[in-house]
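Okay, here's what each chain looks like letter by letter:
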Amino acid sequence: MDKELKQLKKRALEEFEKIKNNKELEELRVKYVGRNGELTKVLKQLKDLAVEEKPKIGKLANEVKVALAEKLDDLSSQLTKNARGSIVQATDLTLPGASVKTGSLHPNTIIQYELEDVFKSLGFQVLEGPDIESEYYNFEALNIPADHPARDMQDTFWLTSGEVLKTHTSAMQVRAMEKYGAPLKAIFPGRCFRYEATDASHDTTFYQLEGLMIDQDISIANLIAVMKELMKGVFGKEVKVRQRPGYFPFVEPGFELDINCLICGGKGCSVCKQTGWLELLPCGLVHPNVLKAGGLDPAKYSGFAFGLGLTRLVMMKYGIDDIRLLQSGDLRFLKQF
Ligand code: PHE
């Protein structure tokens with residue numbers, strides 16, 4: 001019986017080691033120390049033992065019983081602790097939440113969307129053209145033939161195919177006229193490319209926003225009215241404007257439109273170089289040759305066009321003093337908007 005008890009203890013403890021959950025623990029408790037358990041059965045035989053054997057075996061039996069019970073209790077509290085541990089891990093409400101990284105709009109895009117909203121409210125449609133443009137739409141159709149000195153006004157990236165990276169958003173003018181005819185009210189925001197040495201105010205890539213309005217009897221007065229509306233939308237207040245003559249082959253007459261300096265209100269400061277005025281955009285009435293290229297009759301229709309320097313406006317609005325930051329992809333810069 002001595003041997004039997006020792007073997008039973010060994011077998012039970014080995015099986016206990018494999019317990020993985022409370023259910024298994026209960027099953028083994030019943031199997032060994034339950035009312036009809038294996039140990040219980042052995043204990044019941046104690047009464048049949050010879051008197052001289054009784055104390056020794058009785059003591060051993062009791063030790064086995066206590067050992068098994070202790071082991072089961074141990075395992076039980078171990079299981080409870082583990083379970084509590086894993087619950088705590090899954091739902092620790094005191095942990096700080098994981099922050100989600102979100103992107104933001106490029107300052108250029110922010111201003112572009114603002115301008116688009118103003119123009120849409122005035123009934124303009126928003127069109128975008130290709131970055132790789134044909135020589136025809138970028139130059140020819142805009143009254144700039146191949147031998148015209150005005151081709152030198154814009155330093156051009158020529159592709160081996162004979163196409164160009166569009167040097168200005170004016171390239172969309174004739175495309176739009178061909179597609180939509182007249183009357184036409186449209187803006188073309190877009191990326192432009194110039195073969196230039198870069199510095200704080202020049203980059204090879206920048207953005208313009210072109211405007212085009214064509215109908216019967218369109219004059220400079222319409223242009224000024226639209227520009228004033230635009231300034232009100234962008235700066236939230238009435239802004240005084242003035243025009244100076246400017247030359248562009250695709251407008252006649254052509255102008256440079258200035259706005260009253262927003263920093264000093266026209267008194268003169270370092271931003272406006274003491275003139276009280278800031279150059280805003282070139283513009284003019286669409287040249288008859290351009291209307292013709294777009295399939296429109298210059299005797300019937302007239303229109304205005306302007307080429308807003310979107311990048312310049314962004315720099316002015318946010319006080320950015322180096323144009324190269326805008327294309328740098330530097331997150332420390334971009335995160336500020
Ligand atoms: N496309 C001209 C430029 O980039 C600007 C312009 C647009 C001038 C429309 C007049 C009218 O320099």
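Residues numbered from 1 in each chain as written. Predicted model: local features only at pLDDT ≥ 70, side-chain atom pairs only at ≥ 80, totals over all residues. Heavy atoms only, no water.

Caption draft 1: Up close: the site of the ligand. Around the ligand, a shell composed of 14 residues is seen, among which His168, Ser170, Arg194, Gln208 and Gly307 lie nearest. At 2.9 Å from a nitrogen atom of the ligand is found a side-chain nitrogen or oxygen belonging to His168. In this structure, Arg194 approaches the ligand through a side-chain N or O atom, which is 3.1 Å from an oxygen atom. Out of a free accessible area of 330 Å², the ligand has 94% covered by protein chains. Listed by contribution, the elements that provide at least two residues to the shell around the ligand are β5 (205-215), β8 (277-286) and β9 (302-309). Considering each element in turn, the shell around the ligand owes the most residues, three residues, to β9. Looking at the shell around the ligand, its residues break down into seven nonpolar, five polar and two charged. (Near = heavy atom within 4 Å. Polar contact = N/O pair within 3.5 Å; in protein donor to acceptor, adjacent residues only side chain to side chain. Areas by Shrake-Rupley, 256 points an atom, 1.4 Å probe, with all protein chains shown as cover. Helix = DSSP H or I, 4+ residues; strand = E, 2+ residues; numbered from the N terminus. Nonpolar A, V, L, I, M, F, W, Y, C, P; charged D, E, K, R; others polar.)

Caption draft 2: Representation of the pattern of salt bridges within the structure. In the structure shown here, the tally under the stated rule is 18 salt bridges. Residue Lys31 is joined to Glu15 by a salt bridge in which the shortest nitrogen-to-oxygen separation is 2.8 Å. Of this pair, Lys31 sits in helix α2 (residues 22-33) while Glu15 sits in helix α1 (residues 2-17), placing them 16 residues apart in sequence. Given a relative accessible area of 34%, Lys31 falls into the partly exposed group. For Glu15, a relative accessible area of 23% corresponds to the partly exposed category. For Glu135, the salt bridge is made with Arg151, and the minimal N-O distance between the two is 2.7 Å. With a gap of 16 residues between them, Glu135 in helix α6 (residues 135-138) and Arg151 in the loop between α6 and β3 (164-165) connect regions that are remote in the sequence. (Salt bridge = Lys/Arg side-chain N within 4 Å of Asp/Glu carboxyl O. Buried < 20%, exposed > 50% of the residue type's maximum accessible area, 1.4 Å probe, protein only.)

Caption draft 3: Quick look at the nonpolar core. Counting 42 residues, the largest nonpolar core has Leu115, Leu230, Phe304, Phe306 and Leu308 as its most contacted members. Among the elements of the structure, α5 (107-121), β5, α8 (220-235), β7 (251-260), β8, β9, α10 (310-318) and α11 (331-334) are those that each provide at least two residues to this core. The element that contributes the greatest number of residues to this core is α8, accounting for seven residues. Those residues in contact with Leu308, other than ones at most four positions away along the chain, are Leu115, Tyr207, Gln208, Leu209, Leu230, Leu280, Leu281 and Leu313. Ala150, Met177, Phe250 and Leu291 belong to the second-largest nonpolar core, a separate cluster that totals 26 residues. (Core = buried A, V, L, I, M, F, W, Y, C linked by side-chain atoms within 4.5 Å. Contact = heavy atoms within 4.5 Å.)

Caption draft 4: Molecular detail of α2. Helix length check: α2, at 12 residues, gives a terminal C-alpha distance of 16 Å against a target of 16 Å (1.5 Å per residue), a fit within 8%. Among the residues of α2, those classed as buried are Leu25, Leu28 and Tyr32. Buried residues of α2, seen end-on, are gathered within an arc of 70 degrees and therefore sit on one face of the element. Exposed residues pointing more than 90 degrees away from the buried face of α2 are listed as Lys23 and Val30. (Expected span 1.5 Å × (residues − 1). Arc of directions from axis to C-beta.)

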